[in-house]
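Residue-level structure breakdown
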Amino acid sequence: TVGKVVLETTATSFPSSHRKIAEPNDTPYFVENEFRLSTAESFIDVHDPATNNVVTRVPQMTKQELQDVISSAQKAFPSWKRTSVIARQQIMFRFVALIRENWDRLAAVITLEQGKTVADAKGDVLRGLQVAEAACSGPEYMKGEILEVAKDMETRTYREPLGVVSVICPFNFPAMIPLWCIPIATITGNTVVLKPSERAPGAAMILAELAEKAGFPKGVINVVHGAHDTVNILLDAPEIKAISFVGSNKAGEYIYERGSANGKRVQANLGAKNHALILPDADKEQTLDAIIAAAFGAAGQRCMALSVAVFVGETASWLPQLVRRAKALSVNGGFESEADLGPVVTPQSKARIEKLVGSAASEGANILLDGRGIKPTYYPNGNWVGPTIITDVKPSMECYREEIFGPVLSCITVDSLDEGIDLINQNEYGNGAALFTSSGIHAERFRNNIEAGQVGVNVPIPVPLPMFSFSGNKRSVAGGGSNTFYGKPGVNFYTQLKTVTSKWTRRDVEPSTMGLSMPT
Ligand code: NAD
């Protein structure tokens, strides 16, 4: 009931405006299919980014509580592993239906804690829901192979779950990222300890509530809270066999190293600096609309946000129209129906973005549209940064080298397609890159030569649907990107291969022989 009170408090904010909650409840953790309040001594306030009102507090859970959750997940594993895939699939069908039924509620809590608009928060939920839907056919990917390898002898493969796996999430997709992992990890027979971002825990709590309703047995899905201390306990727990991490390079490179050193499988999706290359033969109106959406949607707080536009030749003359479109966007509280983009997540994030814009100006770039200092009428205390367009950017500038993670588009001009490709390839990140053109020949040249792992042609910047896999590369992933999220590679990540070779012969038909050398 504790959890339900918290969830109802947040849910009733939809679709009305951001209300001040007189006495915010603490966010509970979820173990043994129930919400429990932590006995923690320290808590982290979660603010509504549009008002900076405190909406809840998350505990820095105690060591003992975290250990109890891990033990519960460990205890649940053997029987969940033995549960038939068909039974697991039935639970997943119900989970999918419940997420759809609670779509508005999930979106509301995302808007309240993370700031994105309700329409965009619904997209956040949908992209996760689609992974859960695709996971219903997970057993298809788990099927083994069989081959008669010699006379009377065959080899078969099995995909077996790993055990307890942990998911460590960022703030920017509070529903999608947990849903990249929970459905695939559980359909394949693992149990999960998930840690949402301490800045946006609400969606994960609703997912936990729905998981219990869907019929997941006790201990299969668990949610813990806290910051670095919690992560360190998860990284060191011998019961945890794999870590799925999505977040910044700073945290992810550390988590990859420590998790791997402890013998765990780690998949880690990190930061980005996504470019779009615009050729003169592109459809101007469609290109400009696409750039605006990808640069400023979600206030630029997407790992697939477009942060650099590379204009080839005469397309630099399209900049005034780009600015006109950006100026027309409504920056407002995410519950306001006309809002195009909401606030950025924290005052610290706003300060960091403004500092990077300032550094661009002092390094000689031109701030063509300046989103600093804006304040929507009813939200004087929010973390506001309006759409910002910087031109004359050079790769040596801090605003180009750093991931800004705000509604800021840096613009560079080049003379040719090849010069643009070279520029993009020199960037250390490799999440995504897009080309705008009407030429198939140019598109093919871009596809062949660009190093980014997710390529858009007249599409900025595409996240592959769940039947594929998220395929960032270079510094946008840790460990060379061999463990990608969702799709068939996601099933492979959460399972280990077992090969069984058997021989069945009858001695009266085939006399036994003994040979000490390897058969040649
Ligand atoms: P973050 O790295 O600050 O936090 C992510 C998680 O790591 C949180 O749960 C946090 O508690 C934990 N954490 C943070 N610092 C830690 C540390 N030093 N030790 C242990 N744990 C730590 O990331 P964020 O600000 O929440 O998210 C934004 C970042 O995530 C951006 O860089 C963005 O590009 C990236 N991101 C990448 C993808 C992708 O698929 N490539 C998707 C979404 C977000």
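Every value quoted in this text rests on a predicted model; they were computed, and no experiment measured them.

**Some points on the site of the ligand**
If you check the shell around the ligand, you find 27 residues, and the closest are Cys 169, Glu 198, Ser 248, Leu 270 and Glu 403. One of the side-chain N or O atoms of Glu 403 is found 2.6 Å from an oxygen atom in the ligand. Listed by contribution, the elements that provide at least two residues to the shell around the ligand are helix H9 (228–236), strand E10 (240–246) and helix H10 (249–261). Here the residues of the shell around the ligand are counted per class, giving 15 nonpolar, eight polar and four charged.

**Comments concerning the pattern of salt bridges**
Counting across every chain of the model gives 26 salt bridges. One salt bridge connects Asp 120 with Arg 302, and the closest N-O pair in it is separated by 2.8 Å. Here Asp 120, found in helix H5 (residues 118–135), pairs with Arg 302, found in the loop between helix H11 (284–296) and strand E13 (306–312); they are 182 residues apart in sequence, far enough to count as distant. Asp 120 sits in the buried class, given a relative accessible area of 18%.

**Considering the UniProt feature "domain: Aldehyde dehydrogenase" (unreviewed entry) in the chain**
The UniProt record annotates "domain: Aldehyde dehydrogenase" (unreviewed entry) at residues 40–500. Split by type, residues 40–500 is 41% helix and 21% strand. Its first and last C-alpha atoms lie 48 Å apart.

**Examining the sheet that holds strand E18 (residues 432–436)**
Pairing in this open sheet of seven strands is mixed, and the strands run E14-E15-E16-E13-E12-E18-E19 from one edge to the other. Two strands in the sheet have a free side with no partner beyond their single neighbour: strand E14 (366–369) and strand E19 (454–457). Direction aside, the axes of adjacent strands within the sheet are offset by 25° on average. As paired elements, strand E15 (residues 388–391) and strand E16 (residues 408–414) share three bridges and run parallel to each other. When the sheet's bridge partners are listed, Ile 389 is paired in E16 with Leu 409. Sitting on the sheet, H11 is in contact with strand E12 (274–278), E13, E15, E16 and E18, with an inclination near 135° to E16.

**Details of the state of the cysteines**
Evaluation of the coordinates by the stated rule reveals zero disulfides. Summary of cysteine pairing: Cys 136 is not part of a disulfide, and the nearest cysteine sulfur, belonging to Cys 181, is at 16 Å. You can see Cys 181 has no disulfide; the closest cysteine sulfur is in Cys 169, sitting 6.5 Å from it.

**Some thoughts on the environment of Gln 67**
Within the element layout of this structure, Gln 67 appears in helix H2 (residues 63–82). Taking the C-alpha atoms as reference points, Gln 67 and Tyr 400, separated by 333 residues in sequence, lie 42 Å from one another.

Each value, and the rule that gives it
Residues numbered from 1 in each chain as written. Predicted model: local features only at pLDDT ≥ 70, side-chain atom pairs only at ≥ 80, totals over all residues. Heavy atoms only, no water. Near = heavy atom within 4 Å. Polar contact = N/O pair within 3.5 Å; in protein donor to acceptor, adjacent residues only side chain to side chain. Helix = DSSP H or I, 4+ residues; strand = E, 2+ residues; numbered from the N terminus. Nonpolar A, V, L, I, M, F, W, Y, C, P; charged D, E, K, R; others polar. Salt bridge = Lys/Arg side-chain N within 4 Å of Asp/Glu carboxyl O. Buried < 20%, exposed > 50% of the residue type's maximum accessible area, 1.4 Å probe, protein only. UniProt positions renumbered as here; feature names shortened; annotations may be inferred. Pairing = 2+ DSSP bridges. Axes fitted to C-alpha atoms, helices over the stretch in contact; angles between N-to-C directions. Contact = heavy atoms within 4.5 Å. Disulfide = S-S within 2.5 Å.

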